[in-house]
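# Fold and contact review
Here is what each chain is made of, one letter per residue.
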Amino acid sequence: MKKKWWTHTACAAALAVLAAGCSNGGNSNNSLPAGKQGADDADKTYTVTGIDFIYGDVPPMDGRGVKMINEKFKIDYKMNFIPQATYTEKLTSVFASGSIPDIVGMSSGDLANNYSKFAKQGAFLALDDYIDDYPTLRKVPSYIWDQLRVNGKVYGIPNYYPKFGFTTIVRQDWLDNLGLKPPTNYEELKQVAIAFTKNDPDRNGKNDTYGIAIGININPALIQGPYWDPAAWYHKDDKGRFIPGIISNARKDIISMFADLYKENAITRDFATMNWADTNKEFYSGKAGIFIGTPRGMSQPYMEGLLQLNPNARFVHLEPFTAPDGSKGMTAGRGFSGITVLSAEVGKDPGKVKRILEMIDYGRTYYPEDRMNEKDPNFDWFMGNLGQGYEIVNGVGVAKKNASTEGLAPITYFPDNTAWPEKDSDINYAKSYTNPTLSKLVQEIGNTYAQIKYYATPNYSVISATELAKGADLNKYIFAEQTKMIAGQRPLSDWDKMVEEWKAKGGEQMIQEINAEIKIKDPKEAWN
Amino acid sequence: MNHRTWTDRLFDGVNYALLALLAVVMLFPFLYIFSVSFTTFEQYLQSDLLLWPTRWATDAYEFIFRSDSFMRAIGVTVYLTVVGTIVNLLFTTTMAFGLTRGIYGQRIVVLLVLFTVLFSAGMIPTYLVVKATGLLNSIWALILPSAIGSVSLIIIRQFFMSLPQELFEAAIMDGANDLQLFGRLALPLSKPALAAFGLFYAVSHWNTYFAGILYLNDPKQWPIQVILRQIVVQSDPTNALGAAEQLMLDNPPPPMTVQMAAILVAMLPILLVYPFLQKHFAKGVMLGAVKG
Amino acid sequence: MPNASATLTKPIGKPVGRSGKIRAKLWRDRYAYLLVIPGALFFLVYKYVPMLGLVIAFQNYSPFLGFARSEWVGLDHFRTLFEEPEVVRVMWNTLVLSFLQIVFAFPAPILLALMLNEVRSQLYKRIIQSIVYLPHFLSWVIVVGIFMIFLRAEGLINSFLEVAFGREVPIDFLTTPAFFRPILVLQVVWKEVGWGTIIFLAALAGVSQELYEAAIVDGASRWRQIWHITLPGIRSTIVILLILRLGNVLDSGFEQIFLMLNAFTMDVGNVLDTYVYYKGIQQSDYSFATAVGLFKGAIGLVLVVGANRLAKRFGEEGVY
């Protein structure tokens with residue numbers, strides 16, 4: 001008798017599992033019959049569920065910001081924020097259990113993987129028809145929408161991210177002490193690195209400095225143009241096909257340079273074992289004199305740490321180098337980081353879709369500097385009201401320290417809270433730092449970035465199955481081989497052999513697949 | 001009678017010395033963590049190996065303790081650890097003992113338990129079952145699905161089996177049934193094992209991180225490790241952001257000093273529990289239990 | 001005296017007919033069943049029902065499509081696992097590392113437990129115990145980070161060598177393949193030896209004091225006491241733990257190895273788990289990971305069954 005009832009439980013549990021795993025009906029709370037197309041019942045309160053990843057503290061689910069959102073948009077907003085480190089697992093489990101939330105945040109790293117896979121399987125709502133209805137969506141350029149197309153349709157809203165990347169920065173004070181000028185090509189850069197190593201540029205009588213701070217996977221590779229960018233598909237092979245920079249001869253030159261510098265101890269000797277934090281430390285503790293920087297997301301604590309050690313430290317950034325083919329500029333990033341999608345299920349309720357898009361659109365609004373204060377009611381609401389969610393610093397509204405942790409302002413809860421500007425240079429990054437040296441450096445970099453040209457690498461809108469399956473493996477292999485070449489454990493003369501090995505492992509396949517889809521014929525077409 | 005020969009003394013001396021050396025080797029890195037956590041970020045940048053802060057600073061700790069969520073998470077985790085460990089020990093010891101009584105199918109059940117040591121279903125199927133049994137968003141999702149550790153079961157069972165038979169024989173003669181044998185004999189005699197596995201289970205609950213995020217949607221219910229690991233971003237090496245992204249974050253990871261403080265705080269409470277359990281590992285706990 | 005059969009003493013019942021005997025035994029054992037049922041239920045619901053999900057090892061599982069609608073691929077994932085010639089080297093690396101760990105890292109806590117057991121001063125014992133188990137609480141990220149501070153070419157050990165012995169050229173501990181495995185084992189020992197003693201100390205606590213007293217009276221030295229009393233006292237625990245350890249011989253500590261791997265040590269350091277990671281990571285391939293898990297379990301099962309039989313032949317009880 002005892003046996004029977006727990007057999008029943010087991011069967012019930014088993015059935016439940018199978019049922020949950022099999023069906024994916026989704027969790028539609030407010031389905032309206034199809035006949036109500038286009039109706040948005042303005043008095044209706046919709047329950048909106050969401051899931052998104054977050055770096056740092058997770059705000060409370062019932063924070064002040066949520067209440068403000070509920071009131072303004074007439075919704076019952078239930079957004080689950082998940083720490084980024086475990087987001088994929090949580091997302092996968094939630095999908096597997098059949099209940100896809102209305103709003104799902106994904107990272108651009110997932111573009112070829114989960115985003116495209118799930119879109120093909122019909123998990124998301126196609127957004128093409130809605131783009132023109134919302135101002136911030138209209139602003140998105142077509143080359144970005146193209147990256148988000150699956151089977152011709154757009155399924156996600158991109159979160160703005162500037163398309164510029166990193167540039168090399170050098171200790172100006174060291175250059176001054178040695179009477180050197182900022183380098184304008186790799187040969188000069190090499191000489192500067194050696195000088196930093198041998199000639200005591202900080203004038204402290206000790207042999208404790210060197211040239212370039214580098215870490216694992218030869219990062220940063222001091223990329224001063226798409227010509228040398230290992231990730232850009234700029235060069236062509238002898239068959240006229242685009243190839244990734246990492247196997248190009250230009251890359252070989254860079255590796256060769258690093259190999260020479262390694263012999264002179266002018267790059268981080270332990271680079272093969274240094275993670276990103278360690279590599280930063282090399283530069284910001286004043287040991288290395290050459291590193292990288294960018295306007296958005298520089299670390300103020302690191303910079304201030306260095307300035308405390310070396311109050312005379314000054315920095316200069318390098319303009320892109322002119323390449324042997326005359327080109328000069330930077331590889332454009334994707335232009336977005338993060339994708340917001342709506343579930344296919346919610347598409348059954350057009351009124352709800354409109355309400356959600358209205359909210360998302362609101363969160364992406366761009367405020368010019370002079371309107372980033374309490375005088376603009378939208379900004380004021382978005383940031384949680386003056387004095388509570390934000391305060392004015394240097395004439396500009398800045399979130400209070402505890403605002404995001406305590407969820408005081410609506411901005412924290414939007415799935416996409418990054419403003420979409422008309423152009424990259426509309427955003428003044430220099431103002432986000434309070435340290436004057438850092439601000440100045442960022443300002444200078446920003447000025448350069450506003451004037452250079454950008455190369456839209458053609459592989460961005462192409463998904464290669466081989467890249468998805470073998471990309472990590474291929475990268476692991478080739479970075480390891482190039483690392484060995486730098487450390488002198490494999491001769492540079494083996495370069496072609498290494499490329500053949502890479503191709504045999506799947507690289508050749510990948511080149512074919514990507515070239516089959518690339519629309520342009522010549523890299524020159526991709527500059528803008 | 002303390003009749004110690006010189007070989008005895010030598011033995012002791014060498015033993016003590018080796019142990020002391022080992023302790024130093026173990027302690028060393030903690031000195032580093034301790035020092036980095038109590039100093040300023042600039043100090044940390046300057047030094048390769050900081051063994052004692054030259055400039056004391058409690059910024060890191062203030063940063064951690066400032067939030068309500070921290071204290072709340074501690075409360076959640078204490079509850080989880082206490083209740084969870086009790087549930088664990090209850091389920092594990094009962095089943096372990098029951099499997100020493102020679103019931104029908106005993107060998108098969110033990111085999112099935114062993115099987116689960118080698119094969120496990122994985123995250124998604126387990127998640128589906130947890131959902132199907134209605135435990136999502138409840139703290140019991142962190143307790144019931146992990147009620148028994150298969151290896152613990154096997155070892156505790158073995159401990160039970162190595163208890164002296166005579167005691168059980170005597171009790172049976174006196175008319176004891178299996179329950180009484182369990183509660184009045186087996187459990188009291190197994191204090192060392194209970195202490196050991198109690199500690200293992202407790203530490204495991206204290207360290208709950210992933211399950212917390214997976215099964216609980218509301219941050220208010222999250223255990224302490226989730227809160228702390230939001231600080232120590234680097235805790236998942238495979239998920240370490242591509243270098244570029246990490247530099248360009250709008251909220252970059254907190255300085256190393258804070259991360260070190262987080263590590264210490266994460267360990268602290270459970271460290272305090274261990275000394276109380278140590279007395280159960282003293283020699284000859286079963287003194288006088290078996291006579292002649 | 002180890003029991004050949006894994007049961008404790010039971011009273012002898014009255015002889016009856018066959019089915020009567022069965023019912024009588026069921027009735028006699030009723031409390032034992034009561035004790036077993038809750039745990040058994042747990043295993044059924046939370047361990048065995050989910051195992052139905054192992055089916056994804058034979059599919060291209062998509063969480064959105066679920067078990068029913070995901071594409072069936074049969075043994076494809078197992079083929080992917082074995083398709084590259086690299087996999088032979090990877091398996092070798094995994095087994096060598098596991099072997100080294102069993103030889104060095106498995107006995108270490110036993111040794112330490114014995115040493116602690118011999119300490120007369122309870123206070124000293126407690127202090128040492130509390131210290132040596134600390135490293136267990138550190139994550140591998142921290143442990144590897146700390147080891148790197150010491151072992152880098154610009155690290156502390158090399159600095160020390162330069163200062164103390166005038167050695168100019170640093171030793172590349174981290175980038176020389178020959179050092180990789182020893183360092184790995186050393187890390188595991190350092191991190192886990194203290195924690196590992198707990199279970200042996202618990203077992204040692206059960207060794208009767210009277211045996212020691214009798215031995216001392218007979219004039220036995222410390223060594224003989226350890227050899228003839230202490231070790232046999234915990235032998236069954238050691239055997240069981242060893243058998244279980246063989247069950248995960250193909251596990252080698254993913255996090256630790258992933259952190260320690262670099263371009264130079266890939267050849268000796270790439271183990272099954274890291275190999276699988278690089279193969280499956282970009283696709284978040286749960287199917288592939290599950291397939292590998294099945295493979296590992298199968299191998300583990302063979303080893304455990306074999307080891308268990310062997311143990312029984314030596315008179316031990318074994319796991320089952």
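Residues numbered from 1 in each chain as written. Chains lettered and ligands numbered in written order. Predicted model: local features only at pLDDT ≥ 70, side-chain atom pairs only at ≥ 80, totals over all residues.

Residue and element names in this part refer to chain A. Over its 14 residues, helix α12 (residues 350–363) extends 20 Å from the first C-alpha to the last, a length consistent with the 20 Å expected when each residue adds 1.5 Å. The set of residues buried in α12 consists of Lys-352, Val-353, Arg-355, Ile-356, Leu-357, Met-359, Ile-360, Tyr-362 and Gly-363. Packing partners of the buried residues in α12 comprise β1 (46–54), α2 (64–73), β2 (75–83), β3 (103–106), β6 (156–160) and β14 (336–342). (Helix = DSSP H or I, 4+ residues; strand = E, 2+ residues; numbered from the N terminus. Expected span 1.5 Å × (residues − 1). Buried ≥ 20, exposed ≤ 12 C-beta atoms within 10 Å, placed from the backbone. Contact = placed C-beta atoms within 7 Å.)

On to the domain arrangement of chain B. Partitioning chain B into domains gives domain 1 (13–57) and domain 2 (68–232). One C-alpha centre belongs to domain 1 of chain B, the other to domain 2 of chain B, and the line joining them spans 35 Å. (Domains from an automatic or database assignment.)

Attention shifts here to the domain arrangement of chain A. Residues and elements named next belong to chain A. Entries for chain A in the domain assignment read domain 1 (27–163 + 336–413) and domain 2 (167–331 + 432–526). Of note, the centres of domain 1 and domain 2, computed from C-alpha atoms alone, are 35 Å apart. At the junction of the two partners, domain 1 supplies eight residues and domain 2 supplies seven residues. Put simply, the parts of the chain that give the side of domain 1 that touches domain 2 at least two residues each are α4 (111–120) and α6 (142–147).

Moving on: unusual backbone geometry. Residues and elements named next belong to chain A. Cis rather than trans, the peptide bond between Asn-219 and Pro-220 has omega equal to 5°. Phi angles above zero are rare outside glycine, and Asp-200 is one such case at about 45°. Here Asp-200 shows up in the loop between α8 (186–198) and β8 (210–212). Note on Asp-200: 17 C-beta atoms within 10 Å, which makes it partly exposed.

In this section: the interface of chain C and chain B. In this assembly, 81 residues from chain C lie in contact with 85 residues from chain B. Counting residues per element, the ones that place at least two in the side of chain C that touches chain B are α2 (30–51), α6 (107–117), α7 (122–132), α8 (140–151), α10 (177–205), α12 (222–247), α13 (254–260) and α16 (286–313) of chain C. Broken down by element, the side of chain C that touches chain B gets its largest block of residues, 16 residues, from α2 of chain C. Among the residues making up the side of chain C that touches chain B, the classes are represented as 50 nonpolar, 22 polar and nine charged. (Nonpolar A, V, L, I, M, F, W, Y, C, P; charged D, E, K, R; others polar.)

This part is about the sheet that holds β14 of chain A. Residues and elements named next belong to chain A. Pairing is mixed across the open sheet formed by five strands, whose spatial order is β2-β1-β3-β14-β6. Strand pairing shows two members of the sheet lacking a second neighbour, β2 and β6, which therefore form its edges. For this sheet, the mean angle separating the axes of adjacent strands, direction not counted, is 20°. (Pairing = 2+ DSSP bridges. Axes fitted to C-alpha atoms, helices over the stretch in contact; angles between N-to-C directions.)

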